[in-house]
Amino acid sequence: MPCEYLRCVIDKANLKRHQQDRWNYVLEYILNKHRIYLEYIQESNSIYPIDGVLDLLYQLHSEGIPVALASSADRKVINAVLTKFGLMDCFEYILSGAELPASKPNPAIYQLTAKALGFAPADCVVIEDATAGIMAAKDAGAYCIAYDNPNSGPQDLSRV
């Protein structure tokens, strides 16, 4: 379960632990939404990688260039997408922001990922399609390429 997402929903709903009925309802709703989303990823024929990304990942992998994934998505979502497109072996390291105390724009996700690959963040290139990720990459000290992804909604890519 994406902890940051759950905290956000609970905060917005102004729920306190002593409001057990409301707490349970919100938790059940979130878990159900998450389950449906995972099923959609696995079963949908309308989800596909961005043009060129598969070729890029395969090329980097074949040339022995270390590639990692540092995503704000929940680990189950990451695994579902990578499995669906046969990309699990293309990444030497995968980190979900949901596994950290704070996700993007906190730079820790990129700092930890670079360290896991044996590099300083300044020696890494990050491809990002979200404002929070761009901020995180830059604050970590990595070189960031902003990608204007039509699937990511309006994003402020000016920080690059």
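Reading guide: rules and limits
- Residues numbered from 1 in each chain as written.
- Predicted model: local features only at pLDDT ≥ 70, side-chain atom pairs only at ≥ 80, totals over all residues.
- Heavy atoms only, no water.
- Helix = DSSP H or I, 4+ residues; strand = E, 2+ residues; numbered from the N terminus.
- Buried < 20%, exposed > 50% of the residue type's maximum accessible area, 1.4 Å probe, protein only.
- Contact = heavy atoms within 4.5 Å.
- Areas by Shrake-Rupley, 256 points an atom, 1.4 Å probe, with all protein chains shown as cover.
- Pairing = 2+ DSSP bridges.
- Salt bridge = Lys/Arg side-chain N within 4 Å of Asp/Glu carboxyl O.
- Core = buried A, V, L, I, M, F, W, Y, C linked by side-chain atoms within 4.5 Å.

Engineer: Outline the overall build of the chain, listing residues and values.
Structural biologist: Of the regular secondary structure elements, the chain holds six helices and four strands. Expressed as a percentage of its 160 residues, the buried residues of the chain come to 32%. Once local pairs closer than 6 in sequence are excluded, the contacts in the chain between residues at least 24 apart make up 52%. Accessible surface for the chain amounts to roughly 10000 Å². Of this, 55% is attributable to carbon and sulfur atoms.

Engineer: If you had to explain the pairing of strand 1 (residues 68-71) to someone new, which residues and values would you point to?
Structural biologist: Pairing of strand 1 with strand 2 (residues 93-96), which is carried by four bridges, proceeds in the parallel orientation. Residue pairing across strands places Ala 70 opposite Leu 95, the latter belonging to strand 2.

Engineer: Quick rundown of the pattern of salt bridges? Include the residues and the values.
Structural biologist: Scanning all chains against the criterion turns up two salt bridges. A salt bridge links Glu 128 to Lys 104, with the shortest nitrogen-to-oxygen separation between them at 2.6 Å. One end of the pair, Glu 128, is in strand 3 (residues 125-128); the other, Lys 104, is in the loop between strand 2 and helix 5 (108-117), and 24 residues separate them in sequence. Across this residue pair, the class does not change: Glu 128 and Lys 104 are buried.

Engineer: Can you explain the nonpolar core? Please cite residues and give values.
Structural biologist: One finds Ala 70, Leu 95, Leu 100, Ile 109, Tyr 110, Val 126, Ile 134, Ala 136, Ala 137, Ala 140, Ala 142 and Cys 144 forming the largest nonpolar core, which totals 12 residues. Listing elements by their share of this core, those giving two or more residues are helix 5 and helix 6 (131-140). With four residues, the single largest contributor to this core is helix 6. The residues touching Leu 95, leaving out its near neighbours within four places in the chain, are Leu 69, Ala 70, Ser 71, Arg 75, Ile 78, Leu 100, Ile 109, Leu 112 and Thr 113. Listed in part, the nine residues of the second largest apolar core include Leu 57, Ile 78, Phe 91 and Ile 94.

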